[in-house]
Amino acid sequence: MEAFLTTLLLTAIVQTGDRTQLLCAALGQRFARPGPLTIGVVLASGAMAVIGALGGVVVGTWISLDALRLFYALALLFAGLGMLAPRRPVDTLPGWRTGPLLTGLLGLFILQFGDKGQFIIAATAARSHDWVWPLIGGWAGTVLGLAPAIIWQERLASWPVRPVRIGAGLLLTVLGLALALGAFGLV
């Protein structure tokens, strides 16, 4: 259950103000029907969670316990640093003529592949030697972090995204750094 809650919370937090959230808001404004877009986002997030969780379990069987601790620490450290780094502009996919479901599915799949949320899911799965709970928690957390952007896309600009993003980024960076030092036996 810890793996579920950890990935749920962390993947929801790392979506705050992220390019994936901004793409969801842009696509929500572009397409009048949020239902098919939401289905595409849910499917893309599910596919990314499956890849991350299964990859994490495979990696978890290859490396030692200390390396697993470092893997998890690096996932948090890189997620935190990624939240603190300046974002590149988001391609809103204006030339795509595929409709809301396919645009949401393919656009988010491409953007999420190898992203910090997927890395957190993989690291949690590797650490827990379980793919089911990290998968479900990561999938739910990603959707939880992205759905408000689809529903309230116009209001996203007025939300205090930047301070939340900076605060969460600092917290994850410090936590990741502390866990990395612990993995090396320095704290």
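Look a little higher up for the structure.
Draft legend 1. Highlighting the environment of leucine 111. Among the structural elements, leucine 111 can be located in helix α5 (residues 99-112). Taking C-alpha positions, leucine 111 is 6.6 Å from threonine 20, a pair spaced 91 residues apart along the chain. If we ignore the near neighbours within four places in the chain, the residues touching leucine 111 are Arg19, Thr20 and Leu23.

Draft legend 2. Highlighting the environment of valine 58. With respect to the helices and strands, the residue valine 58 is situated in helix α3 (residues 34-62). A relative accessible area of 37% places valine 58 in the partly exposed class. In this structure, the C-alpha to C-alpha distance between valine 58 and leucine 179, residues 121 residues apart in sequence, is 22 Å.

Draft legend 3. Fine view of helix α4 (residues 65-84). Spanning 20 residues, α4 covers 29 Å between terminal C-alpha atoms, matching the ideal 28 Å at 1.5 Å per step. Looking only at α4, the buried set comprises Leu68, Phe71, Tyr72, Ala73, Ala75, Leu76, Leu77, Ala79, Gly80 and Met83. Where α4 is buried, its residues meet α1 (2-14), α3, α6 (116-128) and α8 (161-183).

Draft legend 4. Quick look at the packing of helix α2 (residues 19-30) against α5. Following both chains from N to C, one finds α2 and α5 inclined at 165°, their axes separated by 10 Å at the closest point. Regarding the angle of α2 to α5, the classification is roughly antiparallel. At the point where α2 passes α5, the crossing takes the right-handed sense. When α2 is examined against α5, the residues Arg19, Thr20, Leu23, Cys24, Leu27 and Arg30 are found in contact with a partner set consisting of Thr103, Gly104, Gly107, Leu108, Leu111 and Gln112. Residue classes in the contact of α2 with α5 are distributed as five nonpolar, five polar and two charged.

Draft legend 5. Up close: the pattern of salt bridges. By the definition in use, this model includes five salt bridges. The shortest N-O distance in the salt bridge between arginine 127 and glutamate 2 comes to 3.1 Å. Placement of arginine 127 in helix α6 and of glutamate 2 in helix α1 is noted, with a sequence separation of 125 residues between them. A salt bridge links lysine 116 to aspartate 18; the nearest nitrogen and oxygen atoms lie 2.9 Å apart. In this pair, lysine 116 sits in helix α6 while aspartate 18 sits in the loop between α1 and α2, placing the two residues 98 residues apart along the sequence. Each of the two residues, lysine 116 as well as aspartate 18, counts as buried. Through salt bridges with shared partners, a single ionic network connects Asp18, Asp115, Lys116 and Arg165.

Draft legend 6. Local environment of the packing of aromatic side chains. Tallying each qualifying case throughout the model produces four aromatic pairs. With a centroid separation of 6.3 Å and 20° between ring planes, the pair formed by phenylalanine 78 and phenylalanine 119 is classed as stacked. With phenylalanine 78 in helix α4 and phenylalanine 119 in helix α6, this pair connects stretches of sequence that are 41 residues apart. Look at phenylalanine 78 and you get partly exposed, because its relative accessible area is 45%. Both rings, one in phenylalanine 109 and one in phenylalanine 113, keep their centres 6.1 Å apart while their planes meet at 40°; by these two values the pair is tilted. Members of the aromatic cluster, connected to one another through ring pairs, are Phe71, Phe78 and Phe119. The positively charged end of arginine 127 is found above the aromatic ring belonging to tyrosine 72, 4.0 Å away from the centroid.

Draft legend 7. Summary view of the packing of α1 against α4. Across the interface, α1 lies against α4 with an axial gap of 11 Å and an inter-helix angle of 25°. Here α1 is positioned roughly parallel relative to α4, judged by the angle of their axes. Pair α1 / α4 crosses with left-handed handedness. Of the residues in α4, those touching α1 at Thr6, Leu10, Ile13 and Val14 are Tyr72, Leu76, Ala79 and Met83. Its residues placed into classes, the contact of α1 with α4 shows seven nonpolar, one polar and no charged.

Quick notes on the rules
- In this convention, every chain numbers its residues from 1, walking through the sequence in written order.
- Residue-level local features of this predicted model are given only where pLDDT is at least 70; pairs of side-chain atoms are given and counted only at 80 or more, and the full residue set underlies all totals for whole chains, interfaces and linings.
- The basis for every side-chain value is the complete set of heavy atoms in the structure, and neither hydrogens nor water enter the calculation.
- Secondary structure elements are taken from DSSP: a helix is a run of H or I of four residues or more, a strand is a run of E of two residues or more, and numbering for both begins at the N terminus.
- Contacts were defined at the residue level, with two residues in contact if any of their heavy atoms lie within 4.5 Å.
- Think of it in three bands: residues with accessible area under 20% of the maximum for their type are buried, residues over 50% are exposed, and the middle band is partly exposed, with areas taken using a 1.4 Å probe on protein chains only.
- Helix span, as expected, comes to 1.5 Å for every residue beyond the first.
- Axis definition: a line fit to C-alpha positions, over the contact stretch in the case of helices; interaxial angles, taken between N-to-C directions, run 0 to 180 degrees.
- For classification purposes, angles smaller than 35 degrees are called roughly parallel, those larger than 145 roughly antiparallel, those between 65 and 115 roughly perpendicular, and all remaining angles oblique.
- Left-handed is the label given to a crossing in which the near helix is rotated counterclockwise from the far helix by less than a right angle, and right-handed is the label when the rotation is clockwise.
- When residues are grouped by polarity, Ala, Val, Leu, Ile, Met, Phe, Trp, Tyr, Cys and Pro land in nonpolar, Asp, Glu, Lys and Arg in charged, and all others, Gly among them, in polar.
- The term salt bridge refers to a side-chain nitrogen of Lys or Arg lying within 4 Å of a carboxyl oxygen of Asp or Glu.
- Each pair of aromatic rings taken from Phe, Tyr and Trp, with Trp reduced to its six-membered ring, is defined by centres within 6.5 Å and is described as stacked if the planes are under 30 degrees apart, edge-to-face if over 60, and tilted in the remaining cases.
- Charge-over-ring placement is defined geometrically: NZ (Lys) or CZ (Arg) within 6 Å of the ring centre, and within 35 degrees of the ring normal.

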